[in-house]
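Next come the chains, spelled out residue by residue.
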Amino acid sequence: MDSYAVIGNPIEHSRSPEIHAAFARQTGEPIEYGRILGNPDDFAGDVRAFLARDGQGLNVTVPFKEQAWRLADELSPRAHGAGAVNTLIRLDGNRLRGDNTDGVGLVRDLTVNQGFRLAGKRVLILGAGGAVRGVARPLLEASPRRLIIANRTAAKAYSLAAGLANYGQVAGCGLAELAGMQFDLIINGTAAGLQGRLPEIPDDLLAKGGWCYDMLYAREATAFQRWGRAHRAARSLDGLGMLVEQAAESFRLWRGVLPETAEVIAMLRQQ
Ligand SMILES: NC(=O)c1ccc[n+]([C@@H]2O[C@H](COP(=O)([O-])OP(=O)(O)OC[C@H]3O[C@@H](n4cnc5c(N)ncnc54)[C@H](OP(=O)(O)O)[C@@H]3O)[C@@H](O)[C@H]2O)c1
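Sequence order as written defines residue numbering, which begins from 1 separately in each chain. The predicted origin of the model limits local features to residues at a pLDDT of at least 70 and limits the giving and counting of side-chain atom pairs to 80 or more, whereas totals for whole chains, interfaces and linings rest on all residues. Heavy atoms from the whole structure form the basis of all side-chain values; hydrogens and water molecules are not counted.

Novice: Just to check I follow, could you spell out the sheet that holds strand 5 (residues 87-90) for this structure?
Specialist: Hydrogen bonds between backbone atoms are what pair the strands of a sheet, whose relative direction is either parallel or antiparallel. Paired strands are those between which DSSP finds at least two bridges. For the purposes of this entry, the term helix denotes a DSSP run of H or I that reaches at least four residues, the term strand denotes a run of E that reaches at least two, and both are numbered from the N terminus. As summarised here, the arrangement of the six strands in space is 2-1-3-5-6-4, forming an open sheet in which the pairing is mixed. At either end of the open sheet lies a strand with only one pairing partner, and these are strand 2 (31-37) and strand 4 (74-75). Inspection of the sheet shows strand 3 (residues 55-60) paired to strand 5 by three bridges, in the antiparallel sense. In the strand pairing of strand 5, asparagine 59 is matched with threonine 87. The contact rule is simple, with two residues in contact once any of their heavy atoms fall within 4.5 Å. Angles shown run from 0 to 180 degrees and are taken between the N-to-C directions of axes, each axis being a line fitted to C-alpha atoms and, for helices, limited to the stretch in contact. Sitting on the sheet, helix 2 (residues 43-52) is in contact with strand 1 (2-8), strand 2, strand 3, strand 5 and strand 6 (96-99), with an inclination near 145° to strand 3.

Put into structure tokens, the structure is as follows:
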């Protein structure tokens, strides 16, 4: 049986093992999937130890995505562009290929599962960490009218947007600079919600009929989902669908078969 795992710190909360167990049952692929509490001072050592146990692939989560990008022996074009890796695939020997499935996961959940049309829309994404780096380019490829990347540390948003300048319709800013702007979709890609907090954003950011999407997921509504509801969002969604979609794409990269996601999302919602 081939062995896979998710590595992060913290890791107990991760639902990836349940998701991949469901994919394995559905597809009949003979895999086992565990979780690894990564050592922030020795990520590379943890990966080497996993390979020595004959591990075949890893999902990488907070705070190791940039380290995984540096560690990979080769990168997919989308991981190269993102500067962050969430999927490591073992090649021959101990060589690793890095990929990033977060963007495909977010765009599939928003557009296929939820039916949001990104083309022509004004989109705001909050944050400029590993998750936002992974999703910015795939969002731009869906042709929004404007994509603003706003971050607490403004310099990170400026530099991320500068790296995407070839798309034209993207700009970076600090949170305070959002005053007076309005958006059809606001995506929260900050880690503020992990402490039950919200990024400091103006009250009138959401256009009439606009949607909110929190990349974070939890058993109860997240702080940002509650913000969306309080500000009359037409839909205020969490990131569980994105989590399952990015996992499905990782599973495809490892096993060559793309699992059905709807039944797995429904199963997780019921638990
Ligand atoms: N659903 C999914 O599949 C999925 C996939 C990936 C990530 N995520 C979620 O996305 C979130 C971000 O992950 P990440 O990997 O990008 O983390 P990260 O690399 O550590 O980046 C954290 C980001 O959050 C910002 N931030 C943290 N606390 C904040 C606060 N109190 N107010 C405003 N901004 C704050 C940081 O701003 P500064 O630069 O100013 O520090 C930075 O932009 C996490 O909640 C993670 O669980 C979900």
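That shown, we press on.
Novice: Could you clarify how one ought to interpret the pairing of strand 3 in this entry?
Specialist: Along any regular strand the residues' side chains alternate between the sheet's two faces. Remark: exposure states derive from per-residue accessible area (1.4 Å probe, protein chains only) relative to the maximum for the residue type, with buried under 20%, exposed over 50%, and partly exposed in between. Strand 3 sits mainly inside the fold: five of its six residues count as buried. Looking at chain direction, strand 1 and strand 3 are connected through five bridges and run parallel. Its bridge partner lying in strand 3, isoleucine 7 is registered against valine 60.

Novice: Help me out: how do you make sense of the sheet that holds strand 8 (residues 146-151) in this one?
Specialist: Judged by pairing direction, the sheet is parallel, and its six strands sit side by side in the order 9-8-7-10-11-12 without closing on themselves. Each edge of the sheet is formed by a strand with only one pairing partner; in this case those strands are strand 9 (170-174) and strand 12 (235-237). Looking at each pair of strands side by side, their axes are set apart by 20° on average, direction ignored. Sheet topology places strand 7 (residues 122-126) next to strand 10 (residues 183-188); four bridges connect them, and they run parallel. The residue bridging leucine 126 from the neighbouring strand is asparagine 188, located in strand 10. The strands that helix 7 (residues 154-162) touches are strand 8 and strand 9; relative to strand 9, the one it contacts most, it runs at about 170°.

Novice: How should I be thinking about the packing of aromatic side chains in this particular structure?
Specialist: Two descriptors summarise a pair of aromatic rings, namely the distance from one centre to the other and the angle between the planes of the rings. Any two rings among Phe, Tyr and Trp, with Trp reduced to its six-membered ring, count as a pair given centres within 6.5 Å; such a pair is stacked if its planes are under 30 degrees apart, edge-to-face if over 60, and tilted if neither. A full pass over the atoms with the stated rule returns six aromatic pairs. A connected cluster of aromatic rings, assembled from ring pairs, spans Tyr4, Tyr33 and Trp254. Whether a charge lies above a ring is judged from NZ of Lys or CZ of Arg, which has to be within 6 Å of the ring centre and within 35 degrees of the ring normal. It is lysine 121 that lies over the ring of phenylalanine 116; its NZ or CZ is 5.0 Å from the centre. A cation over an aromatic ring shows up here: arginine 235 above the ring of tryptophan 211, its NZ or CZ 5.0 Å from the ring centre.

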